[in-house]
Amino acid sequence: MPDDKRTPASGEDRGYTPSSPVKRTLAWTGLAYMVILVAMTTYPYFTGAGLGNLGPLLTVPGLIGLGAAALVSWRTAGKPGKWPAIALAALCWLLALATLPIGIAGLMSNFGG
């Protein structure tokens, strides 16, 4: 009976397959949201008050991630086309840039007197 460990059986996993670049981009977006949500849930433990007015600020990571995912998808799979991907990314990033000051003002309203 040969002891060949290099050839897996038919039902076994054939090895490590890395995630696609689009999945990795979305995972980084999810990581940003995780950090924000951890901060939002631990803040009341230290101050006794919750955070409000964070809606616009919570859209920023999603908009940045959507623009990045459009570009990464175009570079890896060719879909959507070059110009629609660039236009979507530019639109998302401009919206994020416009929303960021509103979100920061909403966040700062929690700390005012």
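The rules behind each value
- Residues numbered from 1 in each chain as written.
- Predicted model: local features only at pLDDT ≥ 70, side-chain atom pairs only at ≥ 80, totals over all residues.
- Heavy atoms only, no water.
- Helix = DSSP H or I, 4+ residues; strand = E, 2+ residues; numbered from the N terminus.
- Buried < 20%, exposed > 50% of the residue type's maximum accessible area, 1.4 Å probe, protein only.
- Contact = heavy atoms within 4.5 Å.
- Areas by Shrake-Rupley, 256 points an atom, 1.4 Å probe, with all protein chains shown as cover.
- Expected span 1.5 Å × (residues − 1).
- Bend = angle between axes of the 7 residues up to and from the residue.
- Phe/Tyr/Trp six-rings, centres within 6.5 Å; stacked < 30°, edge-to-face > 60°.
- Axes fitted to C-alpha atoms, helices over the stretch in contact; angles between N-to-C directions.
- Parallel < 35°, antiparallel > 145°, perpendicular 65-115°, else oblique.

(A) Representation of the overall build of the chain within the structure. Of regular secondary structure, the chain possesses 3 helices and 0 strands. Counting over 113 residues, the chain shows a buried share of 16%. Summarising the internal contacts of the chain: among those between residues at least 6 apart in sequence, 69% fall at separations of at least 24. About 8300 Å² of surface is accessible on the chain, with carbon and sulfur atoms providing 69% of the total.

(B) Region of the structure containing helix 3 (residues 82-108). Here helix 3 spans 39 Å end to end across 27 residues, near enough to the 39 Å set by a 1.5 Å rise per residue. In the structure, helix 3 departs most strongly from a straight axis at Thr-99, where the bend amounts to approximately 30° and where the proline Pro-101 lies between one and four residues downstream. Three or more residues of helix 3 are buried, namely Ala-85, Ala-89, Cys-92, Ala-96, Thr-99, Gly-103 and Gly-106. If you follow the buried residues of helix 3, they end up packed against helix 2 (55-77).

(C) Representation of the packing of aromatic side chains. This structure, assessed with the given rule, holds 1 aromatic pair. With a centroid separation of 6.0 Å and an interplanar angle of 70°, the aromatic rings of Tyr-43 and Phe-111 are classed as edge-to-face. Placement of the pair is Tyr-43 in helix 1 (residues 21-47) and Phe-111 in the segment after helix 3, with a sequence separation of 68 residues. Classification of Tyr-43 as partly exposed rests on a relative accessible area of 22%.

(D) Expanded view of helix 2. Here helix 2 spans 33 Å end to end across 23 residues, near enough to the 33 Å set by a 1.5 Å rise per residue. All of the buried residues along helix 2 are Val-60, Pro-61, Leu-63, Gly-65, Gly-67, Ala-69, Ala-70 and Ser-73. On its buried face, helix 2 is in contact with helix 1 and helix 3. Where helix 2 ends, the next residue or the one after it, Gly-78, has phi of about 80°, a positive value.

(E) Seen up close, the packing of helix 1 against helix 2. Remark: helix 1 packs on helix 2, axes separated minimally by 8 Å, with the N-to-C direction vectors making an angle of 170°. With respect to their mutual orientation, helix 1 and helix 2 come out roughly antiparallel. For the pair formed by helix 1 and helix 2, the contact residues are Pro-21, Val-22, Thr-25, Leu-26, Thr-29, Ala-32, Tyr-33, Ile-36 and Met-40 on the first element and Leu-58, Thr-59, Pro-61, Gly-62, Gly-65, Ala-68, Ala-69, Val-72, Ser-73 and Thr-76 on the second.

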